[in-house]
Amino acid sequence: MGRIDTFCREAYIFPQPDRRRAGGLPAGPPMRVTEMDPTALPDFYDIDALLTEDEKAFRQTVRDFVDRECLPIIAEHFDRGAFPMHLIPRMAELGLFGLHVKGFGCLPQNESTYGRVCQELGRCDSGLRAMMSVQNSLVMLPIDAFGSDEQRRRWLPPMARGEAIGCFGLSEPGFGSDPGGMQTRAVREPGGFVLNGRKMWITNGPIAQVAVIWAKLENEVSGFLVEAGTPGFHATPIQRKFAYRTSPTALIRLEDCRIPAENRLPGARGLKSVFRCLNVARWGVACGAVGAAMACYQAARAFALERNVFDRPIGSYQLVQDQLARMLVEITKAQLVNHHLGRLMDRGAARPAQISLAKLNNVREAMAIARTARDILGARGILADHHVIRHLCDLEAVSTLEGTASIHTLVIGQEVTGLSAFT
Ligand SMILES: Cc1cc2nc3c(=O)[nH]c(=O)nc-3n(C[C@H](O)[C@H](O)[C@H](O)COP(=O)(O)OP(=O)(O)OC[C@H]3O[C@@H](n4cnc5c(N)ncnc54)[C@H](O)[C@@H]3O)c2cc1C
């Protein structure tokens, strides 16, 4: 028998005879129903059984952290548009920073595990997931992969402890989907570089101690570490967002920002280095979206079981069952995609187009699931306390960041035709 038996209880419930008679319905045979634990998360194909004991234990640790410490406070932070800063030391304590880094106080895990951490945090809030995801895949990873020994020693230990936060500045006001067109320039001068340009939509920007800034140096995209507080570096929070409200997002201005020569990432070479980081970040987004979808499904199913309309739980109506079944089908498919892609990534065998497929599919389906859950919850669906509307708004942003649906479609199109639609 599968794991599902641990949270299902078979029960026989007789139709309510009085109401049936009142409605002129004949008394029927007992209806056989399965009582579901409303707190159970969907794992219809028992993917858990495919994880190692260590993977399961780590996932459970993160799941408990999310359930006990993050979910109870997140709606209020979303309301205020504030990141729950007090969670950063706890995330560090759990080893959630530096998941791709060996040494320097980090606890490296495989890519599958990184994906599951993104799923669990995304189940709570995409802004929370993004904070961790950027720190890991877009800051610590490039410092470790392309940085000097000195840069690794300087930044990785405090980042692992959550004492330093990083951000990743690639997009610009004029260039998002086409980062190769970036206008930000680095010019050599004796002892260092002068940076000029603007970086837009930078997650963690307002709270970061260090920014990985991508700029053209003699026409080649290069990476630079810029410390907050450096003269000419300005990170202004972007206000009035209706999505990603817990996530601090900045417009970064670099105005004659002078940095020492040793702040260049010596191993970073062109957009290839950028995409090495983005591929991992996109994988994290694909997993976070499934977490959001799981949360919406869980909320909708629990509500469908307890909400009576026309004297019966709405979950007993065929149309609502159709909605729940469709949600579960898409969640299960996306979980299977993630499990298999995670194993490919563990072996270093995943192609960028395979990551694009997961990001494209999982975010699209998560949005549809969030919308359906919102419908099932009726008017309550628009309240932050039920979480669904929060996920729905956040997923709008998730569909754009780390490559829009159109861009990932074109990446897949290029692989299946051998023809690039970008050039
Ligand atoms: C909440 C949030 C956080 C973010 N965090 C970061 C971050 O930390 N660091 C960072 O560098 N960036 C970040 N971004 C920026 C993000 O990566 C960009 O928004 C994204 O790449 C899209 O760029 P754009 O918004 O400029 O849209 P555009 O590139 O202007 O696209 C506009 C529309 O045109 C479509 N389009 C573009 N090209 C084509 C084409 N060839 N064919 C068909 N359609 C096309 C797109 O699909 C989209 O629908 C973040 C964005 C958001 C919303």
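The rules behind these values
Residues numbered from 1 in each chain as written. Predicted model: local features only at pLDDT ≥ 70, side-chain atom pairs only at ≥ 80, totals over all residues. Heavy atoms only, no water. Helix = DSSP H or I, 4+ residues; strand = E, 2+ residues; numbered from the N terminus. Buried < 20%, exposed > 50% of the residue type's maximum accessible area, 1.4 Å probe, protein only. Contact = heavy atoms within 4.5 Å. Phe/Tyr/Trp six-rings, centres within 6.5 Å; stacked < 30°, edge-to-face > 60°. Near = heavy atom within 4 Å. Polar contact = N/O pair within 3.5 Å; in protein donor to acceptor, adjacent residues only side chain to side chain. Areas by Shrake-Rupley, 256 points an atom, 1.4 Å probe, with all protein chains shown as cover. Expected span 1.5 Å × (residues − 1). Arc of directions from axis to C-beta. Core = buried A, V, L, I, M, F, W, Y, C linked by side-chain atoms within 4.5 Å.

(A) Broad picture of the side chain of Asn 263. Within the fold, Asn 263 resides in the loop between strand 9 (249-260) and helix 7 (270-306). By relative accessible area, Asn 263 is classed as buried at 15%. The residues touching Asn 263, leaving out its near neighbours within four places in the chain, are Gln 151, Gly 223, Phe 224 and Leu 225.

(B) Representation of the packing of aromatic side chains in the model. Enumeration over the complete set of coordinates arrives at three aromatic pairs. When the centroid spacing of 5.1 Å and the interplanar angle of 65° are considered together, the rings of Phe 193 and Phe 224 count as edge-to-face. One end of the pair, Phe 193, is in strand 5 (residues 192-203); the other, Phe 224, is in strand 7 (residues 220-227), and 31 residues separate them in sequence.

(C) Quick peek at the site of the ligand. Lining the immediate surroundings of the ligand are 16 residues, of which Ser 171, Ser 177, Trp 201, Thr 203 and Thr 404 lie closest. Between the ligand and Leu 170, the relevant distance is 3.0 Å, taken from an oxygen atom to a main-chain nitrogen or oxygen of the residue. The side chain of Ser 406 places a nitrogen or oxygen atom 3.5 Å from an oxygen atom of the ligand. Against a free-state accessible area of 990 Å², the protein chains account for coverage of 64% of the ligand. Only strand 5 and helix 11 (405-417) provide two or more residues apiece to the shell around the ligand.

(D) Quick peek at the environment of Arg 347. By secondary structure assignment, the location of Arg 347 is in the loop between helix 8 (318-346) and helix 9 (352-376). In this structure Arg 347 comes out as exposed when scored by relative accessible area, which is 61%. Considering only alpha carbons, one finds Arg 347 and Glu 111, 236 residues apart in sequence, at a separation of 9.0 Å.

(E) Inspection of helix 11 at higher detail. Given a rise of 1.5 Å per residue, 13 residues ought to cover 18 Å, and the 18 Å separating the end C-alpha atoms of helix 11 matches this to within 8%. Listed as buried for helix 11 are Ile 407, His 408 and Val 411. Down the axis of helix 11, the smallest arc covering the buried residues is 100°, so these residues share one side. Elements that come into contact with the buried residues of helix 11 comprise helix 7 and helix 9. At the exit of helix 11 stands Gly 418, carrying a positive phi of roughly 75°.

(F) Representation of the nonpolar core within the structure. In terms of nonpolar packing, the biggest core is built from 62 residues, with Met 91, Leu 121, Met 132, Phe 168 and Trp 214 touching the most fellow members. Looking at this core element by element, the count peaks at 10 residues for helix 5 (residues 126-146). Not counting chain neighbours up to four residues away, the residues in contact with Met 91 comprise Phe 65, Leu 96, Phe 97, Leu 121, Leu 128, Met 131 and Met 132. The next biggest cluster of nonpolar side chains, apart from the first, holds 33 residues, and it includes Ala 300, Phe 303, Leu 324 and Ala 373.

Taken by themselves, the reported measurements are silent on function.
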